[in-house]
Structures are given as structure tokens and as C-alpha cells.
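A closer look at the structure
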Amino acid sequence: MGNAVEELALGVALGFSAGISPGPLLALVLSGTLRGGLGVGLRVAAVPLLTDLPVIVLSVTVLAVLPERAIAAGGVLGGVFLAWLAVTTLREARTAEVPEAHDDEQARLRGRRTLWQGALVNLLSPHPWMFWLTTGAPLLVAAWRDGPPGAGGFLFGFYGLLVGSKAALAVVVSRARNRIGTRGYRLLLGGAGVLLLAASAVLLVEFGSALAA
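Residue indices begin from 1 for each chain and proceed along its sequence in written order. Reporting of local features is limited, given that this is a predicted model, to residues whose pLDDT is at least 70; pairs of side-chain atoms are given and counted only at 80 or more, and all residues count toward the totals for whole chains, interfaces and linings. To get the side-chain values, take all heavy atoms of the structure and skip hydrogens and water.

What follows covers the packing of aromatic side chains. Two measures describe an aromatic ring pair: the distance that separates the ring centres and the angle between the ring planes. Centres within 6.5 Å make a pair out of two Phe, Tyr or Trp rings, where for Trp the six-membered ring is used; the pair is then stacked when the planes are under 30 degrees apart, edge-to-face when over 60, and tilted otherwise. What the rule picks out here adds up to five aromatic pairs. Seen in terms of ring centroids, Trp 132 and Tyr 159 are 6.3 Å apart; in terms of plane orientation they differ by 15 degrees. Their pairing is stacked. Remark: Tyr 159 occurs in helix 8 (residues 148–177) and Trp 132 occurs in helix 7 (residues 126–146); sequence separation between them is 27 residues. The same class applies to Trp 132 and to Tyr 159, which are both buried. Here a set of aromatic residues connected by ring pairs shows up, and it is made of Trp 132, Phe 154, Phe 158 and Tyr 159. Comment: elements are numbered from the N terminus, with helices defined as DSSP H or I runs of at least four residues and strands as E runs of at least two. Throughout this description, buried means an accessible area under 20% of the type-specific maximum (1.4 Å probe, protein chains only), exposed means over 50%, and partly exposed covers the range between.

Attention now moves to the side chain of Ser 200. Summarising the element assignment, Ser 200 is placed in helix 9 (residues 181–212). Residue contacts for Ser 200: discarding those within four places in its chain leaves Gly 79, Leu 82 and Ala 83. Only heavy atoms enter the contact rule, under which two residues are in contact if any of them lie within 4.5 Å.

Our focus in this paragraph is the packing of helix 2 (residues 24–36) against helix 9. It is at 9 Å that the axes of helix 2 and helix 9 come closest, and there the two elements cross at 160 degrees. The angle between the axes of helix 2 and helix 9 places the two elements in the roughly antiparallel class. Like other packed secondary-structure pairs, helix 2 and helix 9 cross with a definite hand, here left-handed. Where helix 2 approaches helix 9, its residues Pro 24, Ala 27, Leu 28, Leu 30, Ser 31, Leu 34 and Arg 35 are matched on the opposing element by Tyr 185, Leu 188, Leu 189, Ala 192, Leu 195, Leu 196 and Ala 199. Under this scheme, a helix contributes an axis fitted over its contacting stretch, all axes are lines through C-alpha atoms, and angles between N-to-C directions fall in the 0 to 180 degree range. Small angles under 35 degrees read as roughly parallel and large ones over 145 as roughly antiparallel, with 65 to 115 read as roughly perpendicular and the rest as oblique. Definitions for this section: a left-handed crossing has its near helix turned counterclockwise from the far helix by less than a right angle. A right-handed crossing has that turn clockwise.

Here we come to helix 2. A rise of 1.5 Å per residue sets the reference length of helix 2, with its 13 residues, at 18 Å; its end C-alpha atoms lie 18 Å apart and thus fit the reference within 8%. Across the 13 residues that make up helix 2, a large majority, 13, are buried. Looking one or two residues beyond helix 2, the residue adopting positive phi is Gly 37, at roughly 100 degrees. Expected helix span is taken as 1.5 Å per residue step, with the number of steps being one fewer than the number of residues.

Unfilled space is identified by rolling a water-sized probe across the atoms. By volume, the largest pocket amounts to about 590 Å³. Cavities and pockets were defined on a 1 Å grid built from protein atoms only: a cavity is a group of points that admits a 1.4 Å probe but offers it no way out, a pocket is an open group of points flanked by protein on both sides within 12 Å along at least five of seven lines, and a lining residue is one with an atom within 4 Å of any such point. Lining the largest pocket are 27 residues; nearest its centre among them are Ala 18, Gly 23, Pro 24, His 127 and Pro 128. For the lining of the largest pocket, the secondary structure elements donating two or more residues are helix 1 (2–20), helix 2, helix 4 (47–61), helix 6 (104–124), helix 7, helix 8 and helix 9. Sort the elements by how many residues they give to the lining of the largest pocket and helix 9 lands first, with five residues. Lys, Arg, Asp and Glu make up the charged group, whereas Ala, Val, Leu, Ile, Met, Phe, Trp, Tyr, Cys and Pro make up the nonpolar group; the residues left over, Gly among them, are polar. Within the lining of the largest pocket, the residues separate by chemical class into 19 nonpolar, six polar and two charged. Grid points are joined across faces, edges and corners, and a volume is the space filled by probe spheres set on the points.

Following this line, the structure appears as C-alpha cells:
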């Protein structure tokens, strides 16, 4: 039981750190909440629960045998996609109006689009792959060797805090959204676009140099 508690604590620490760290998915959670409300933000926050299973499996079975250039190419592709999202968000921020809460159909369409964008961001970003390849998978295997409760505790702690911290930020942004006015809304949406642009730049610089080497 002691080992299970330790694995749970380790998962909580790693999940919280990953959840609040600036990155493409967090930026998309914030921009999605600003555009479509809390429901959209919460769905995007939960994206890792939908996409990380293939990430975990493939990072161990496939990426471990691929050359570094393949990983770098994936990072560049993810950076280009994030740049497109950033430009779209910044352009929208210039003329955006605070969405009306009663526009259910538009909010539903917006939420569906943002959810797919979040899934693509998480799958194209090399950071989840690199985390599971270098850190997560070895820890999970070691926990499983000590017993299934330890492995389950690690996963529960990690994803509970990874998703929970992003969801908490979405709640904060959602509660402030209707009180910030049009100007504040445009500034916040522009800030989310800048976060996406910064994340894109990090990926392109980090993995573009590796690809060119």
C-alpha cells in the first residue's frame, strides 16, 4: 500500500506541473473558454483522456525505434499547425464580440471545432510523446512491477491533476468572461493567440534546428 501511495503522489506532482505549465493545449483551453464558454473549455481540458492512450502505447512501441529526425519532423508539423491556430485567433480577436450564452447551436458548433483542434494539438505536439517515452512510460512500468494498484494510482494522480488544473483555469476564465466587456474579451482572446504563437515558435525553433542538423 505504501508504494501505491507514493506512486499516487508522484502522479499528482507530475500532473499538476504539466497541467499549469504554459503550452499549446492550455492556450487552447483558455481561448476555447473565451469563445464558447465553460463547456468548451472543460471538453478541451479533458482531451488528454481521449488522446493519450495511443500516445502511451505508440511512444513505447514505435517512437523508441525511430530516428531523432522523425521526432523533429513531428515537432515542426505541430508548430506549423499551432501557428495557423494563433493567426486565426489573433485575427478574430480584432473584431470579436463576447459570445451570447443563449446561442446554443453556435456554441455547440464552436465547441466541436475546438475539441477537434485540441485533439490535433495534443497528438501533433511532441511533448506528450517525449514525456511518455522518457519519463512516463518507465515510471508506469516500474509501478506496474510493484503491483497494479501502484500503476493505477500513478495514472489516476497524473490525469486527475493534468485535467483538473486545466479545468480549474477554465472555470476561472469562464466566470470572468461575461464581466470583462468587449475590449477585455478581445485582449484576453489576443493573449490566448499570443500563447499559441509562442508555443508554435518554441516547437519550430526547438525541433526545426534538430531537423536541420
